[in-house]
Amino acid sequence: MWPVEYRHHDVSNSSIWNGGTHQNPSLQGAFETRTAARHDKENAAIKHNPARRTMPLINKDTQIAYFLAAPCVPLVYDLRYPPTSLYFPPLSPYGGQGSECLRTPLTPAEPKQIRLISQDIPWAFNISPEPSAADQGITCLDVLTALHAALQRPLSDTEWGAADEDKHASLIRARDRRLNMKPALHGSSNTGASTTAKPRVRFASNVDAQHVRREPSILRVDWLGSRVAFGGLIKDEAFARRRLIPGAREPPETWVVRFQSLS
């Protein structure tokens, strides 16, 4: 599949592994204790210093904003809905906040373009910031907004034809689940959206009735099956090289997006 260009303005008791071997249990316990203490200290700093919300913690291993760093993404986001529906768990240092707090740089380098790929979907997406904020680089919200928009596109005839019968059945089940879902009402109370607003209603004509009888489209997001939750971004240079079609130009900074099931 060809990469698809997306720009923001177009869019209305677990074991710890170290090098493949288990750590000594006593060392593991000490490590977990130190890590927990450090996270408590960092989270307390965030809670008591609201100004720090404008520049999130950076994951030291991946050099990406804490908001989108896999595998411990602090937010819950169902990609079938716009980013305004995402939320932070109540015990999170960002509990009660909405998507607006993601208007922060994706990385300290503030890239002007990135490429998203995944082992779960066949598409690649090139993302740029909205023109009015191009000098500030891509934000965390830019990433989620563009990803959501890309996954709302209807599946093409070629894409459907490239899938086998098992995938066809999975796509149809995912579409039916999506159509039967109630809209998400999560998000910040500061986003300006009112949960009491009523939709506009008009009477359907005969032409409308004909359209209603058509079978609803299958969207790219249905390709994910039940793994519709955003799972974070990671760097995987080996996969990125394999994923690049021979003869293609050198791509922009590339991140691998993970998806997961909603808990």
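Conventions adopted
- Residues numbered from 1 in each chain as written.
- Predicted model: local features only at pLDDT ≥ 70, side-chain atom pairs only at ≥ 80, totals over all residues.
- Heavy atoms only, no water.
- pLDDT = per-residue confidence, 0-100.
- Contact = heavy atoms within 4.5 Å.
- Core = buried A, V, L, I, M, F, W, Y, C linked by side-chain atoms within 4.5 Å.
- Buried < 20%, exposed > 50% of the residue type's maximum accessible area, 1.4 Å probe, protein only.
- Helix = DSSP H or I, 4+ residues; strand = E, 2+ residues; numbered from the N terminus.
- Salt bridge = Lys/Arg side-chain N within 4 Å of Asp/Glu carboxyl O.
- Pairing = 2+ DSSP bridges.
- Phe/Tyr/Trp six-rings, centres within 6.5 Å; stacked < 30°, edge-to-face > 60°.
- Lys NZ or Arg CZ within 6 Å of the ring centre and 35° of its normal.
- Polar contact = N/O pair within 3.5 Å; in protein donor to acceptor, adjacent residues only side chain to side chain.
- Expected span 1.5 Å × (residues − 1).

> Now, about the confidence of the model for the protein chain: what can you tell me, with residues and values included?
Summarising the model, the protein chain shows a mean pLDDT of 76, and 66% of its residues fall at 70 or more. When the criterion is pLDDT under 50, residues 8-36 qualifies, and its contacts beyond four places in sequence or with other chains add up to 22 contacts. Low pLDDT, under 50, characterises residues 41-55; the predicted model gives this stretch 17 contacts beyond four residues in sequence or across chains.

> Give a detailed account of the nonpolar core, specifying residues and quantitative values.
Ranked by internal contacts, the top residues of the largest apolar core, which has 44 residues, are L68, L102, L147, L151, F230 and L233. Elements that contribute at least two residues to this core include exactly strand 5 (64-65), strand 6 (114-117), strand 7 (125-128), helix 2 (140-151), strand 8 (229-234) and strand 9 (253-260). If you tally residues by element for this core, the top one is helix 2, at eight residues. Look past the residues within four positions of L151 in its chain and what remains in contact with it is L79, I121, F125, L219, R220, V221, L224 and F259. Counting seven residues, the second largest nonpolar core, distinct from the first, contains A124, I234, F239 and V256.

> Lay out the pattern of salt bridges in plain terms, naming residues and giving numbers.
Scanning all chains against the criterion turns up eight salt bridges. Salt-bridge contacts for E159 lead to R220; the nearest nitrogen and oxygen are separated by 3.3 Å. Pair noted here: E159 is in helix 3 (residues 157-162) and R220 is in the loop between helix 5 (206-212) and strand 8, with a separation of 61 residues, a long-range link. No difference in accessibility class separates E159 from R220, as the two residues are buried. Among the salt bridges present, the one from D176 reaches R175, with a minimum N-O distance of 3.1 Å. Under the relative-accessibility criterion, D176 is labelled partly exposed at 32%. Via salt bridges that share partners, R175, D176 and E215 belong to a single interconnected network.

> Can you explain the pairing of strand 6? Please cite residues and give values.
The alternating pattern of strand 6 places I114 and L116 and R115 and I117 on opposite faces, both of which are buried. Pairing geometry for strand 6 and strand 7, over three bridges, is antiparallel. Looking at strand 7, one finds that I114 is bridged to I127. When strand 6 meets strand 9, the two strands line up parallel, connected through four bridges. Counted as the bridge partner of I117 is V256 from strand 9.

> Quick one: what's the story with the packing of aromatic side chains, residue by residue and with numbers?
Across all of its chains, the model carries five aromatic pairs by this definition. Between the aromatic rings of W123 and W223, the centroid separation amounts to 5.5 Å while the plane-to-plane angle is 70 degrees, which identifies the pairing as edge-to-face. Of the two residues, W123 is situated in the loop between strand 6 and strand 7 and W223 in the loop between helix 5 and strand 8; the sequence distance between them amounts to 100 residues. Across this residue pair, the class does not change: W123 and W223 are buried. Through successive ring pairs, a cluster of aromatic residues spans Y66, F67, F88 and Y94. Above the ring of W255, the side-chain terminus of K235 is found at 4.8 Å from the ring centroid.

> I'd like a rundown of the pairing of strand 9, residues and numbers included.
Pairing of strand 8 with strand 9 involves five bridges; the strand directions are antiparallel. Bridged to F230 within strand 9 is F259.

> Which residues make up the environment of V76, and what values go with them?
Mapped onto the fold, V76 is located in the loop between strand 5 and strand 6. As for V76 and A229, which are separated by 153 residues in sequence, their C-alpha atoms are 7.1 Å apart. Beyond its immediate stretch of four places on either side in the chain, V76 contacts L86, Y87, P89 and L262.

> Can you explain the side chain of D78? Please cite residues and give values.
The residue D78 is located in the loop between strand 5 and strand 6 in this model. Reaching out from D78, the side chain makes a polar contact with the side chain of R80 at a distance of 2.7 Å. Apart from residues lying up to four places away in sequence, D78 is in contact with S85, M181, V228 and L262.

> Summarise unusual backbone geometry; cite the residues concerned and give the values.
For the bond from A70 to P71, the omega torsion is 5 degrees, close enough to zero to count as cis. Among the structural elements, P71 can be located in the loop between strand 5 and strand 6.

> Could you give an account of helix 2, with specific residues and numbers?
Its 12 residues place the ends of helix 2 17 Å apart at the C-alpha level, agreeing with the 16 Å of an ideal helix rising 1.5 Å per residue. Burial within helix 2 is extensive, with 12 of its 12 residues counted as buried.

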